[in-house]
Amino acid sequence: MAEGNNVILSCCNLTACYGKNSEHAVLEDVNINVRKKEIVGILGPNGHGKSSILKALLGLLNISQGEVLFNSEKINHLPSEKIVQKGIRLFPQGGRVFSDLTVDENLQVVASCAPSNSKIEKTEAYEWFPDLSPRSGTRAGLLSGGQRQMLSLGMVLLYMQVNKPLIFLLDEPSGSLDPVNRKRLAEVLRKGRDQYNVEMIIAEENAVFAKEVCERFYQFVEPGRIESFE
């Protein structure tokens with residue numbers, strides 16, 4: 001594992017499970033780190049533990065061994081709401097939208113949270129994902145899976161500007177997207193990292209997408225166990 005002050009988030013010899021009394025570990029002896037201005041990928045098939053790593057970092061799993069450090073502070077003893085307050089955010093697999101609101105209303109919910117003196121505009125989401133524009137008046141619940149993913153990502157990227165998290169954990173962000181929109185997403189994530197100084201961990205099954213956006217990778221070699229490669 002890399003050492004030094006440029007490491008923002010790390011876990012060392014992490015073993016974790018679901019439930020306090022469970023003897024079945026979903027992660028075993030995991031070591032990862034994220035450095036300043038870096039996007040790191042976690043690759044592997046479904047069911048190997050990609051989502052579990054993100055949940056463990058956010059305090060949503062029972063950690064039986066090892067530790068999680070954020071800006072050199074041990075945080076794995078903290079409840080998840082306290083970890084969120086420190087600046088770690090999660091984009092869950094499949095995203096989240098308000099099904100009864102239109103595309104435009106969903107984006108407005110996020111944009112309206114911005115300070116009055118900010119220049120955040122919901123129209124930016126339409127620039128990132130032009131396919132949303134002709135569906136601005138459509139209820140989110142009527143969108144296709146790919147369109148809902150674009151809307152959810154658009155909301156999250158607007159949120160990044162509003163709340164300026166320190167690190168983003170993204171679970172399968174390219175899911176349901178076609179190749180054109182996966183490429184757009186890669187460009188927007190890199191821009192967001194550079195513009196807002198947000199480090200990211202991206203859990204992905206799609207290695208092609210991950211290699212477009214990530215500087216380094218961790219690969220599951222079997223369920224619950226990973227290794228690092230550049």
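Since we're looking at a predicted model, the values are computed, not measured.

Student: I keep staring at the pairing of strand 8 (residues 199–204) and nothing clicks. Help me out?
Tutor: Successive residues of a regular strand alternate their side chains across the two faces of the sheet. Most of strand 8 is tucked away, with six of its six residues classed as buried. Burial along strand 8 is two-sided: the face carrying E199, I201 and A203 and the face carrying M200, I202 and E204 are both buried. Across five bridges, strand 3 (residues 39–43) lies against strand 8 in parallel orientation. From the neighbouring strand, I39 faces strand 8, where its bridge partner is M200. Judged from the five bridges that link them, strand 7 (residues 167–171) and strand 8 form a sheet pairing that is parallel. Paired with I167 across the two strands is E199, which belongs to strand 8. Handedness of the β-α-β unit built from strand 7, helix 6 (residues 179–196) and strand 8 comes out right-handed.

Student: Could you clarify how one ought to interpret the side chain of Q147 in this entry?
Tutor: With respect to the helices and strands, the residue Q147 is situated in helix 5 (residues 145–163). Apart from the residues lying within four places of it in its own chain, the contact partners of Q147 are L132 and R135.

Student: I'm lost on the nonpolar core in this one. Help?
Tutor: Soluble globular proteins tend to bury their nonpolar side chains together. Membership of the largest hydrophobic core comes to 40 residues, with the highest contact counts inside it found for L107, F129, L151, L189, M200, I202 and V213. Of all the secondary structure elements, the ones that give two or more residues to this core are strand 3, helix 3 (103–111), helix 4 (123–128), helix 5, strand 7, helix 6, strand 8 and helix 7 (207–213). Apart from residues lying up to four places away in sequence, M200 is in contact with V34, E38, I39, V40, M160, I167, F168, L170, L189, G192 and R193.

Student: For this particular structure, what's the right way to read the sheet that holds strand 5 (residues 73–74)?
Tutor: Backbone-to-backbone hydrogen bonds pair the strands of a sheet. The strands run either parallel or antiparallel. Reading across from one edge, 2-1-4-5 is the order of the four strands in this open sheet, with antiparallel pairing throughout. Sheet topology places strand 2 (27–35) and strand 5 at the edges, where each strand pairs with a single neighbour.

Student: Would you explain the confidence of the model for the protein in this entry?
Tutor: Low pLDDT marks stretches whose predicted atomic positions should not be read closely. Confidence in the prediction of the protein, expressed as mean pLDDT, is 90, and 94% of residues score 70 or more. For the protein, the element scoring lowest by mean pLDDT is strand 10 (residues 225–229), at 84; strand 3 scores highest, at 97.

Student: What is the right way to look at helix 3 in this model?
Tutor: Note: α-helices contain 3.6 residues per turn, so residues at a spacing of three or four share the same orientation. Looking only at helix 3, the buried set comprises V103, N106, L107, V110 and A111. Angular distribution of buried residues about the axis of helix 3 spans 135 degrees; they occupy a single face of the element.

Student: In this structure, what is going on with unusual backbone geometry? I would like to understand it.
Tutor: Leaving glycine out, the prevailing phi sign among residues is negative, and the prevailing peptide bond configuration is trans. Phi angles above zero are rare outside glycine, and S72 is one such case at about 70 degrees. Here S72 is to be found in the loop between strand 4 (62–70) and strand 5.

Student: I keep staring at the packing of helix 5 against helix 6 and nothing clicks. Help me out?
Tutor: Angle between the axes and distance between the axes are the two parameters that describe a pair of packed helices. Axis separation between helix 5 and helix 6 bottoms out at 11 Å; the angle between their running directions is 10 degrees. With respect to their mutual orientation, helix 5 and helix 6 come out roughly parallel. Where helix 5 approaches helix 6, its residues M150, L153, L157, M160 and Q161 are matched on the opposing element by N181, L185, V188, L189, G192 and Y196. Across the contact of helix 5 with helix 6, the residue classes tally to eight nonpolar, three polar and no charged.

The rules we used
Residues numbered from 1 in each chain as written. Predicted model: local features only at pLDDT ≥ 70, side-chain atom pairs only at ≥ 80, totals over all residues. Heavy atoms only, no water. Buried < 20%, exposed > 50% of the residue type's maximum accessible area, 1.4 Å probe, protein only. Helix = DSSP H or I, 4+ residues; strand = E, 2+ residues; numbered from the N terminus. Pairing = 2+ DSSP bridges. Right-handed = clockwise from strand over helix to strand, strands pointing away. Contact = heavy atoms within 4.5 Å. Core = buried A, V, L, I, M, F, W, Y, C linked by side-chain atoms within 4.5 Å. pLDDT = per-residue confidence, 0-100. Arc of directions from axis to C-beta. Axes fitted to C-alpha atoms, helices over the stretch in contact; angles between N-to-C directions. Parallel < 35°, antiparallel > 145°, perpendicular 65-115°, else oblique. Nonpolar A, V, L, I, M, F, W, Y, C, P; charged D, E, K, R; others polar.

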